[in-house]
Amino acid sequence: MRTHEGQAKSLKPKNFQKVIDYTRNNSAYPLLHIALLQVSYRCGLRAMEIAGLNLRDLMTSNGDINKHIPLRKKTTKGSRGGVAFFTHPEVRAALLEYIVEVRSSISTKYDNVFISRKHTPFTPSSMSRLFTKIYVDAGYEGCTGHSGRKSLAHNLNAENVSVYNIQKILRHASITTTVNHYLAVDEEVLANIVGNAV
């Protein structure tokens with residue numbers, strides 16, 4: 001049964017690190033899987049958007065990772081397009097390691113960043129299934145390709161980031177979607193707000 005974006009479980013940073021550690025030590029494709037996890041968790045991309053990323057948009061002419069990545073309309077929900085921010089150092093490090101160590105050695109006609117074992121791009125469905133498998137293998141059943149995105153919203157909310165900025169980062173057409181499906185009332189966050197009030 002398909003999980004709605006807002007129904008996916010979110011992960012606190014310490015739990016996400018456990019998934020990364022497990023994947024690094026146990027996955028047959030650790031560099032691929034870690035790069036996927038980092039992009040999902042720290043950039044908030046949907047599985048279909050990750051599957052649609054291409055090298056010419058991702059990479060600069062001198063072999064670095066662009067900080068602002070255009071998302072093409074055909075790869076985004078509602079064909080709205082948008083921009084994703086690849087600024088977190090762990091995202092950039094994981095992507096560069098994957099590209100240098102894995103992607104550069106794959107011979108394929110496709111420009112997609114992430115290539116399957118068949119040397120073809122992932123479909124949105126196969127990418128979603130892969131995320132679910134990575135999380136289940138690491139012991140986090142209930143997490144899906146939406147979990148990174150939802151976790152980013154929760155983590156930004158915990159840092160007191162404006163809900164309007166969270167909406168823009170997630171590229172929601174309506175702020176109602178952000179509030180109703182991605183942000184939950186966190187008593188710890190509320191306690192910090194009150195404790196730091198002037």
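Scroll up for the structure.
Please read these numbers as outputs of a predicted model, since none were measured by experiment.

## Focus on the overall build of the protein chain
Next, step 1: Helix and strand content of the protein chain: 10 helices and 2 strands.
Next, step 2: Each helix and strand of the protein chain, placed in order from N terminus to C terminus, yields the pattern α-α-α-α-β-β-α-α-α-α-α-α.
Next, step 3: Considering only contacts in the protein chain between residues 6 or more positions apart, those separated by 24 or more positions represent 60%.
Next, step 4: Accessible area for the protein chain stands at about 10900 Å²; split by element, carbon and sulfur atoms hold 52% of it.

## Digging into the environment of S10
Next, step 1: Following the sequence through the fold, S10 ends up in the segment before helix 1 (13-26).
Next, step 2: Here S10 is in contact with S147, K150, S151 and H154, once residues within four sequence places are set aside.
Next, step 3: Among the polar contacts made by the side chain of S10, one reaches the side chain of H154 at a distance of 3.1 Å.

## Quick look at the packing of aromatic side chains
Next, step 1: Using the criterion set out here, one finds 2 aromatic pairs in the structure.
Next, step 2: Ring geometry for F16 versus Y41: centroids 3.7 Å apart, planes at 5°, classification stacked. Separated by 25 residues along the polypeptide, F16 in helix 1 and Y41 in helix 2 (residues 30-43) bring together distant segments of the chain.
Next, step 3: A residue is classified by how much of its surface remains accessible, and F16, at 1% relative accessible area, is buried.

## Observations regarding the side chain of R103
Next, step 1: Tracing the backbone shows R103 in the loop between helix 5 (89-101) and helix 6 (124-137).
Next, step 2: Of the side chains bearing the opposite charge, D111 lies closest to the buried R103, which forms no salt bridge; the N-O distance is 5.5 Å.
Next, step 3: A polar side-chain atom of R103 sits 3.2 Å from the main-chain carbonyl oxygen of V113.
Next, step 4: If near-sequence neighbours (up to four positions away) are discounted, R103 is found in contact with L55, Y98, T108, Y110, D111, N112, V113 and I115.

## Details of unusual backbone geometry
Next, step 1: Positive phi values are uncommon outside glycine, yet H119 reaches one of about 65°.
Next, step 2: Inspection of the secondary structure puts H119 in the loop between helix 5 and helix 6.
Next, step 3: H119 gets classed as partly exposed once you look at its relative accessible area, which sits at 38%.
Next, step 4: At N160, a residue that is not glycine, the phi angle is positive and equals roughly 65°.
Next, step 5: Looking at the secondary structure, you find N160 in the loop between helix 7 (147-158) and helix 8 (163-170).
Next, step 6: Given a relative accessible area of 46%, N160 falls into the partly exposed group.

## What about helix 8?
Next, step 1: All of the buried residues along helix 8 are I166, Q167 and L170. Viewed along the axis of helix 8, the buried residues span an arc of 105°, placing them on a single side of the element. Opposite the buried face of helix 8, at more than 90 degrees from it, the exposed residues are Y164 and K168.
Next, step 2: Its side-chain oxygen at 3.1 Å from the backbone nitrogen of Y164, S162 defines the N-terminal cap of helix 8.
Next, step 3: At the exit of helix 8 stands R171, carrying a positive phi of roughly 65°.

## Quick word on the nonpolar core
Next, step 1: In terms of nonpolar packing, the biggest core is built from 41 residues, with L45, L53, L58, F86, L95, F114 and M127 touching the most fellow members.
Next, step 2: For this core, the elements supplying multiple residues, two or more each, are helix 1, helix 2, helix 3 (47-51), helix 4 (55-58), strand 1 (68-71), helix 5 and helix 6.
Next, step 3: A total of 8 residues in this core trace back to one element, the largest contributor, which is helix 2.
Next, step 4: Not counting the four nearest positions on each side in its chain, L53 is found in contact with V39, L45, I69, L71, F86, D111, N112, V113 and F114.
Next, step 5: By size, the runner-up hydrophobic cluster in this structure holds 5 residues, among which are L152, A153, L156 and L170.

Reading the values: the criteria
- Residues numbered from 1 in each chain as written.
- Predicted model: local features only at pLDDT ≥ 70, side-chain atom pairs only at ≥ 80, totals over all residues.
- Heavy atoms only, no water.
- Helix = DSSP H or I, 4+ residues; strand = E, 2+ residues; numbered from the N terminus.
- Contact = heavy atoms within 4.5 Å.
- Areas by Shrake-Rupley, 256 points an atom, 1.4 Å probe, with all protein chains shown as cover.
- Polar contact = N/O pair within 3.5 Å; in protein donor to acceptor, adjacent residues only side chain to side chain.
- Phe/Tyr/Trp six-rings, centres within 6.5 Å; stacked < 30°, edge-to-face > 60°.
- Buried < 20%, exposed > 50% of the residue type's maximum accessible area, 1.4 Å probe, protein only.
- Lys, Arg positive; Asp, Glu negative; His and termini not counted.
- Salt bridge = Lys/Arg side-chain N within 4 Å of Asp/Glu carboxyl O.
- Arc of directions from axis to C-beta.
- Core = buried A, V, L, I, M, F, W, Y, C linked by side-chain atoms within 4.5 Å.

The analysis is restricted to geometry; functional conclusions fall outside its scope.
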